[in-house]
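The residues making up each chain are set out below.
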Amino acid sequence: MSIYLDHAATTPMIEPAIDAMQRALRKIGNPSSLHTDGRATRKDVEEAREVIAQSLGCQASEVIFTGSGTEANNSAIKGLFWSTPDKNLIVVSAIEHHAVLDPAHWLVEHEGAELIEIPVTDSGVIDCAFLRDLVIRRGGEIALISVMSANNETGVIQPISTVVEIAGSIPVHTDAVQSFMKVPLNFANLGLFAMTISAHKVGGPLGIGALILRKAFEMPALLHGGGQEREIRSGTLNAPSIVAFAAAVSANTYNGEAVEKLREKFESGISTVAPHARVNGQSSKRLPGISNITFPGTQADFLLLLMDGKKVSCSTGAACTAGVHRPSHVLMAMGHDEIGATSSLRFSLGANTTEEDIEYTLSVIPEVIEMAKAANSL
Ligand code: PLP
């Protein structure tokens, strides 16, 4: 038995996606080839593009397939910055994933950009008054604004339509990797310029994502070559993964209400078995499945290993930074000190999480905390 509470890191691939991928793997044909085989693969890819576009309220031509959410974020930040050479200021929230923060910092170091981070409140929501004031004072200098749709560590949902309203004509990108298929998202209605999604967070395969980019918006290419994907992202299209991505989206069985009920059960159980624990961002609107909890007097890395020893998979935060002893920049931005930011675990529930999973996890927590506290006091 093992209990998987790390769905924000990656989700199990769902059966219809596996089936679709297997069928596609058996086919031959580069989607850019003009012969019958190539055209058949192209048809599969274009149908998949349509499915993804419909799920997001955008046009099929606005979907640019990429090799990951990380790539789509990098393309958005660098591409939007380079497409407005007369503007030098990048504005991102302080709680972005590293796949947004790091390209923004890279542009500061290598391209002379200026970067301003939007602070967040203690409950993990961006400070819209700060952004409004910044846009009033320096709007003419801003190349792009990037604010994630929901945070990957706390699940806190961000006010994207307010960001777009404040931005006016400034291009806005949102990293929707965590919120895609979990909460309603409509690219056109939100008035966004760009959005990032990734298949492996929604029951699809690893290594396939998409940049949703407003039609007719010209952006410099990051990958040059065969001119695929509006000449923005060259490279032979990964047809099996694209088809499986769309199959995961079509067959999505995620029931937000059911997942949220389980999360409520978990968090009310935590207040009984670990009364000193605090749920980060609890008072904010959050994605249904994420619960980020600070256990005072413990070290998260140690907690994680102890939970793993009890056969429960969870995380210390973003999977990409797990293993590196760094306090979470998200929790620090929410007002935690270094100690608080290194004593928190993320539990993320998914479509297959059961009441028994939650009950078992709650049953092992008191012993795990006691051991972690004992180790910490040595
Ligand atoms: N953005 C967010 C908010 C994420 O949670 C992740 C993955 O953890 C990414 C981007 C990166 O996506 P990918 O794993 O497809 O590169």
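Residues numbered from 1 in each chain as written. Predicted model: local features only at pLDDT ≥ 70, side-chain atom pairs only at ≥ 80, totals over all residues. Heavy atoms only, no water.

### Digging into the pattern of salt bridges
Inference 1: Applying the stated criterion to the full structure yields 16 salt bridges.
Inference 2: Here R49 makes a salt bridge to E46, at a shortest N to O gap of 2.7 Å. Of this pair, R49 and E46 both sit in helix α2 (residues 36-56), 3 residues apart, roughly one helical turn.
Inference 3: R138 serves as the salt-bridge partner of E114, at 2.7 Å between the closest nitrogen and oxygen. (Salt bridge = Lys/Arg side-chain N within 4 Å of Asp/Glu carboxyl O. Helix = DSSP H or I, 4+ residues; strand = E, 2+ residues; numbered from the N terminus.)

### As for the packing of helix α5 (residues 128-138) against helix α6 (residues 160-167)
For any two helices packed against each other, the geometry is given by the interaxial angle and the distance between the axes.
Inference 1: Running from amino to carboxyl end, α5 crosses α6 at an angle of 15 degrees, the nearest separation of the two axes being 9 Å. The angle between α5 and α6 places the two elements in the roughly parallel class. Like other packed secondary-structure pairs, α5 and α6 cross with a definite hand, here right-handed. Contact residues: α5 offers C128, L131, R132 and V135, while α6 offers T162, V163, E165 and I166. (Axes fitted to C-alpha atoms, helices over the stretch in contact; angles between N-to-C directions. Parallel < 35°, antiparallel > 145°, perpendicular 65-115°, else oblique. Left-handed = near helix turned anticlockwise from the far one by under 90°. Contact = heavy atoms within 4.5 Å.)

### Some details on the site of the ligand
Inference 1: Taken together, 13 residues sit near the ligand, with G69, T70, D175, S198 and K201 positioned nearest.
Inference 2: Within the backbone of G69, a nitrogen or oxygen atom sits 2.8 Å from an oxygen atom of the ligand.
Inference 3: One of the side-chain nitrogen or oxygen atoms of K201 is found 2.6 Å away from an oxygen atom of the ligand.
Inference 4: Protein contacts shield 91% of the accessible area of the ligand, which totals 390 Å² for the unbound molecule.
Inference 5: A total of 3 residues in the shell around the ligand trace back to one element, the largest contributor, which is helix α3 (residues 69-82).
Inference 6: Residues of the shell around the ligand, tallied by class, amount to 2 nonpolar, 9 polar and 2 charged. (Near = heavy atom within 4 Å. Polar contact = N/O pair within 3.5 Å; in protein donor to acceptor, adjacent residues only side chain to side chain. Areas by Shrake-Rupley, 256 points an atom, 1.4 Å probe, with all protein chains shown as cover. Nonpolar A, V, L, I, M, F, W, Y, C, P; charged D, E, K, R; others polar.)

### Observations regarding the nonpolar core
Inference 1: If you look at the biggest cluster of nonpolar residues, it comprises 53 residues, and the most contacted ones within it are I145, I197 and F245.
Inference 2: Each of domain 1 (15-251) and domain 2 (255-377) gives at least three residues to this core.
Inference 3: With near-sequence residues (within four places) excluded, I197 lies in contact with I52, L56, G69, A176, V177, F180, G209, A210, I212 and F245. (Core = buried A, V, L, I, M, F, W, Y, C linked by side-chain atoms within 4.5 Å. Buried < 20%, exposed > 50% of the residue type's maximum accessible area, 1.4 Å probe, protein only. Domains from an automatic or database assignment.)

### What to know about the sheet that holds strand β5 (residues 142-146)
Inference 1: In space, the 7 strands of this open sheet follow the order β2-β8-β7-β6-β5-β3-β4, with mixed pairing throughout. Pairing within the sheet leaves two strands with one partner each, and these edge strands are β2 (63-66) and β4 (114-118). Sheet twist, expressed as the mean angle between neighbouring strand axes with direction ignored, is 20 degrees.
Inference 2: Summarising the sheet, strand β3 (residues 89-93) and β5 pair through 4 bridges and their orientation is parallel. Paired with V91 across the strands is I145, a residue of β5.
Inference 3: Strands β3, β4 and β5 of the sheet are contacted by α5, whose axis makes an angle of about 150 degrees with β4.
Inference 4: Running over the sheet, α6 touches β5 and β6 (172-175) and is turned about 165 degrees from β6. (Pairing = 2+ DSSP bridges.)

### Notes on the sheet that holds strand β10 (residues 290-294)
Backbone hydrogen bonds hold the strands of a sheet together, and the pairing may be parallel or antiparallel.
Inference 1: Pairing is antiparallel across the open sheet formed by 3 strands, whose spatial order is β9-β10-β12. Among the strands making up the open sheet, the edge pair consists of β9 (278-279) and β12 (344-348).
Inference 2: Here β10 pairs with β12 via 5 bridges, running antiparallel. Within β12, the position partnered with N292 by the bridge is R346.

### Description of the domain arrangement of the chain
Inference 1: Domain parsing of the chain yields domain 1 (15-251) and domain 2 (255-377).
Inference 2: Each of domain 1 and domain 2 has a C-alpha centre, and these two points are 28 Å apart.
Inference 3: Of the residues lining the interface, 24 residues belong to domain 1; the matching set on domain 2 comes to 22 residues.
Inference 4: Taken over both partners, the interface formed by domain 1 and domain 2 buries close to 1800 Å², and the fraction arising from carbon and sulfur atoms is 62%. (Buried area = accessible area lost by both parts, 1.4 Å probe.)

### Examining empty space enclosed by the protein
Inference 1: Using the criterion set out here, one finds 2 cavities of 30 Å³ or more in the structure.
Inference 2: What lines the largest cavity is simply H7, A8, Q178, K182, Y254, L287, G289, I290, S348 and L349.
Inference 3: Of the residues assigned to the lining of the largest cavity, the class counts are 5 nonpolar, 4 polar and 1 charged.
Inference 4: When its volume is computed, the second largest cavity comes out at roughly 30 Å³.
Inference 5: Lining the second largest cavity are T66, E71, S75, M219, P220, L222, I232 and R233.
Inference 6: In the lining of the second largest cavity, the residues fall into 4 nonpolar, 2 polar and 2 charged. (1 Å grid on protein atoms, 1.4 Å probe; cavity = no way out; pocket = protein on both sides within 12 Å on 5 of 7 lines; lining within 4 Å. Points joined across faces, edges and corners; volume = space filled by probe spheres on them.)

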